[in-house]
Amino acid sequence: MSNMAKLVLNGKEYSLPVVVGSEGEVGIDIAKLRAETGAITLDDGYGNTGSCKSAITFIDGEKGILRYRGYDIADLVNGGCRFSEVAYLLLYGNLPNKEQGEKWRYNLTHHTLLHEDMKKFFEGFPPHAHPMAILSGMVACLSAYYPESEAHIEINTIRLLAKAKTIAAFSYKKSIGQPFVYPINHLSYAANFLRMMFAVPSEPYEVNPVFEKALNQLLILHADHEQNCSASTVRMVGSSGANLFASISAGIGALWGPLHGGANQAVIEMLEQIKADGGNHKKFVELAKKKDSGFRLMGFGHRVYKNYDPRSRILKDAADKVLNQAGIRDPLLDIAKGLEEAALSDSYFIERKLYPNVDFYSGLIYRAMGIPTNMFTVMFALGRLPGWIAQWKERREMEGLKISRPRQIYIGQTKRAFVPLEQRP
Ligand code: SDX
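Draft legend 1. Representation of the overall build of the protein within the structure. Counting its secondary structure elements, the protein contains 19 helices and six strands. Against the 2.2 N^0.38 benchmark of 22 Å for 425 residues, the protein shows a C-alpha radius of gyration of 23 Å, consistent with a compact globule. Projected onto its principal axes, the C-alpha coordinates of the protein cover approximately 80 × 65 × 55 Å. Residues classed as buried in the protein amount to 47% of the 425 residues present. For the protein, the share of sequence-separated contacts (at least 6 apart) that also reach a separation of at least 24 residues comes to 70%. When the 50 positive and 44 negative side-chain charges of the protein are each reduced to one mean point, those points stand 4 Å apart.

Shown next, in the form of structure tokens:
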């Protein structure tokens with residue numbers, strides 16, 4: 001592989017350095033392109049543009065491979081990893097040993113409480129407030145309580161990972177008018193969250209071990225995904241020197257969109273729409289193929305995966321297991337499987353390499369746990385939090401404080417004379 005690429009522009013030849021990653025990915029370094037040629041590149045939606053070098057997560061979209069710091073996600077999920085261990089892996093580069101893991105879990109456990117004044121914020125939210133609005137607002141407000149400096153980044157990382165699930169559970173309790181349930185320190189991350197969501201002060205609450213295990217797996221599978229829309233947002237905002245809480249709050253906003261993390265909520269709404277319409281999934285597969293229908297198969301397709309999303313493969317099995325073990329029959333799972341089977345044998349989806357993505361089955365598992373549909377994207381955010389923070393830290397550690405600022409090609413009006421108001425037609 002040559003380490004230089006040739007570009008011919010206006011009859012002149014230029015050489016551009018070629019960068020090859022540890023998995024053989026090839027990038028053409030255009031850092032000096034404009035200075036040398038006066039031209040920039042154009043890539044709407046960044047589908048062909050690398051924004052950085054990163055050592056956190058590797059995806060091979062053609063082969064359907066996803067690894068965190070070199071570990072295949074199936075090995076982490078099937079190897080009995082705790083979500084807290086995967087968070088440590090993403091943030092610090094290696095799985096923790098016994099002592100490191102215990103110290104990390106102690107820290108995460110002892111920062112789960114919110115400042116009591118922050119509880120008052122919930123009184124201002126209307127009961128129907130979307131929990132993503134509450135999460136992004138409350139995360140940004142953490143910067144009012146915990147000032148940011150280089151010296152505070154580690155403790156603020158711990159505070160954010162620990163408090164986000166408390167904010168999420170409190171937002172659910174607020175929406176149903178029940179009292180907040182405080183975290184309990186001997187419980188795992190997943191068990192603590194489920195208890196804060198579903199316990200009530202008037203009776204004991206036992207966490208369902210099937211749900212605790214499934215939630216731990218869901219959080220691991222969502223923990224990072226290289227330069228997706230929300231992670232790129234976090235890196236972009238962090239590049240201006242904005243503090244960790246402000247940067248993550250921006251990432252939460254990006255994730256909310258139905259084309260991104262909001263898809264898990266949209267999938268269940270789509271499946272319910274198909275069920276209400278009589279359950280004829282083939283009719284909706286046909287609808288999704290019609291450009292002017294405005295209907296898409298939510299949970300299908302991916303900018304990077306042109307093969308089965310490895311997370312979706314794991315989640316499809318998990319959905320079966322969780323519903324069976326919990327003794328739940330959900331007709332939406334049958335509709336989802338029918339949709340998948342019909343789409344994967346249809347030339348429209350085959351030609352465009354559209355497969356189920358992480359959002360296609362995840363909502364069915366959250367639903368089985370009793371988590372309301374409008375909380376599904378919050379669940380995605382709780383899982384993605386360590387990945388976002390790792391990406392934010394890597395950006396600052398690798399490139400220092402160098403602001404990200406893309407260029408553009410202007411296609412608007414060229415210079416024109418000012419027309420005073422009285423002369424405007
Ligand atoms: C996530 O980037 C990440 O890593 C994201 C994520 C992560 O972990 O962070 O993996 C999480 O966001 C998963 C994706 C969740 N979104 C959805 O499930 C929404 C439904 N999917 C799509 O809207 C779409 O597939 C995207 C947004 C996911 C990807 O869009 P692209 O890469 O811009 O592809 P496209 O919209 O240009 O589609 C290419 C073609 C088009 O047809 P043609 O114009 O070529 O004829 O495929 C069609 C699209 O119409 N198409 C679909 C479709 N997705 C794409 N047709 C029907 N149903 C779909 N779901």
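From this point, the narrative continues.
Draft legend 2. The nonpolar core, seen in detail. If you look at the biggest cluster of nonpolar residues, it comprises 114 residues, and the most contacted ones within it are Y68, F193, I248 and L271. The leading source of residues in this core is helix α19 (residues 376-399), at eleven residues. If we ignore the near neighbours within four places in the chain, the residues touching Y68 are I56, T57, I73, L76, V86, L89, L90, I220, L221, H222, A223 and D224.

Draft legend 3. Layout of the site of the ligand. Not every one of the 24 residues close to the ligand is listed here, only the nearest: H225, R296, H302, R311 and R384. Separating an oxygen atom of the ligand from a side-chain N or O atom of H225 is a distance of 2.6 Å. At 3.1 Å from a nitrogen atom of the ligand is found a side-chain nitrogen or oxygen belonging to Y348. Protein chains shield 78% of the accessible area of the ligand, which is 1100 Å² for the free molecule. Among the residues making up the shell around the ligand, the classes are represented as ten nonpolar, seven polar and seven charged.

Cut-offs applied
- Residues numbered from 1 in each chain as written.
- Predicted model: local features only at pLDDT ≥ 70, side-chain atom pairs only at ≥ 80, totals over all residues.
- Heavy atoms only, no water.
- Helix = DSSP H or I, 4+ residues; strand = E, 2+ residues; numbered from the N terminus.
- Rg over C-alpha atoms; globule rule 2.2 N^0.38 Å.
- Buried < 20%, exposed > 50% of the residue type's maximum accessible area, 1.4 Å probe, protein only.
- Contact = heavy atoms within 4.5 Å.
- Lys, Arg positive; Asp, Glu negative; His and termini not counted.
- Charge placed at Lys NZ, Arg CZ, Asp CG, Glu CD.
- Core = buried A, V, L, I, M, F, W, Y, C linked by side-chain atoms within 4.5 Å.
- Near = heavy atom within 4 Å.
- Polar contact = N/O pair within 3.5 Å; in protein donor to acceptor, adjacent residues only side chain to side chain.
- Areas by Shrake-Rupley, 256 points an atom, 1.4 Å probe, with all protein chains shown as cover.
- Nonpolar A, V, L, I, M, F, W, Y, C, P; charged D, E, K, R; others polar.

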